[in-house]
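# Notes for the structure review
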Amino acid sequence: MNAVEIIRSIEAEYIKTDLPQLYVGDTVKVGVRIKEGGKERTQPYEGVIISRRGSGINSVITVRRVFQGVGVERAFLLHSPQVESIKVIRRGKVRRAKLYYLRDLVGKATRLKQRFDRPL
């Protein structure tokens, strides 16, 4: 076995199998584990996926939401233990692989049309 095969076999133990199909433009709710003191809780983070990058265990999505008038983006490693769950709220109809143009839009202009040909 060469080094690449050894790395892949180790990574295979940590890859999650219960993730939904995620596409750029989807509105998702990500359950993030947060430790506060000795307790642990799940905090939902809901927003639009504006980019996907990486593959395998290194796959990352960037989720954007507007909170109190300020745009907040957060990157999530999909196979991280901190990401407890990902739920697709609605599918967005987009024609780009990266939706960085949403950063410049304000208000109702940031809405995306809904896509009905892909199941939730």
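To keep things clear, this report deals only with the structure shown in the data block. Throughout, residues of each chain are indexed from 1 in the direction in which the sequence is written. Where totals are concerned, whole chains, interfaces and linings use all residues; where local detail is concerned, this predicted model gives features only for residues with pLDDT of at least 70, and gives and counts side-chain atom pairs only at 80 or more. Side-chain measures here rest on the full set of heavy atoms in the structure, leaving out hydrogens and waters.

### Comments concerning the nonpolar core
Residues Leu22, Val28, Val30, Ile61, Val63, Phe76 and Ile86 are the most contacted members of the largest nonpolar core, which totals 13 residues. By the criteria applied, helices consist of DSSP H or I runs no shorter than four residues and strands consist of E runs no shorter than two, each listed in order from the N terminus. Those elements that provide at least two residues to this core are strand E1 (27-36), strand E2 (39-53), strand E3 (60-67) and strand E5 (83-90). Core analysis: the second largest hydrophobic core is formed by 7 residues, Val24, Val48, Ile50 and Leu112 among them. The set of buried Ala, Val, Leu, Ile, Met, Phe, Trp, Tyr and Cys residues whose side-chain atoms join them within 4.5 Å is what this entry labels a nonpolar core. Only protein chains enter the accessibility calculation, which uses a 1.4 Å probe. A residue is then buried if its area is under 20% of the maximum for its type, exposed if over 50%, and partly exposed in between.

### With respect to a nonpolar patch on the surface
Grouping into patches uses exposed residues only, defined as over 30% relative accessible area, and leaves out salt-bridged ones; the cut-off is 9 Å for like charges and 5 Å for nonpolar side chains (Val, Leu, Ile, Met, Phe, Trp, Tyr). Where accessible areas are quoted, they stem from the Shrake-Rupley method and a 1.4 Å probe; at the residue level, only the protein chains shown are allowed to cover. Should a side-chain nitrogen of Lys or Arg be within 4 Å of a carboxyl oxygen of Asp or Glu, the pair is scored as a salt bridge. A surface patch of nonpolar side chains, amounting to about 470 Å² of accessible area, comprises Met1, Ile6, Ile10 and Tyr14. Locating Tyr14 in the fold gives a position in the loop between helix H1 (3-12) and E1.

### Considering the packing of aromatic side chains
Stacked, tilted and edge-to-face are the three classes applied to pairs of Phe, Tyr and Trp rings, where Trp contributes its six-membered ring and a pair requires centres within 6.5 Å; stacked means planes under 30 degrees apart, edge-to-face means over 60, and tilted covers the rest. Under the counting rule described, the total for this entry stands at 1 aromatic pair. Judged by centre distance (5.6 Å) and plane angle (65°), the rings of Tyr45 and Phe76 are edge-to-face. Linking Tyr45 in strand E2 with Phe76 in strand E4 (residues 70-77), this pair joins segments that are 31 residues apart in sequence. Each member of the pair Tyr45 and Phe76 is classed as buried. Geometrically, a lysine NZ or arginine CZ counts as sitting over a ring once it is within 6 Å of the ring centre and also within 35 degrees of the ring normal. In this arrangement the basic side chain of Arg65 is found over the ring face of Tyr45, its NZ or CZ atom lying 5.1 Å from the centre. Here the basic side chain of Arg74 rests over the ring of Tyr45, its NZ or CZ set 5.7 Å away from the ring centre.

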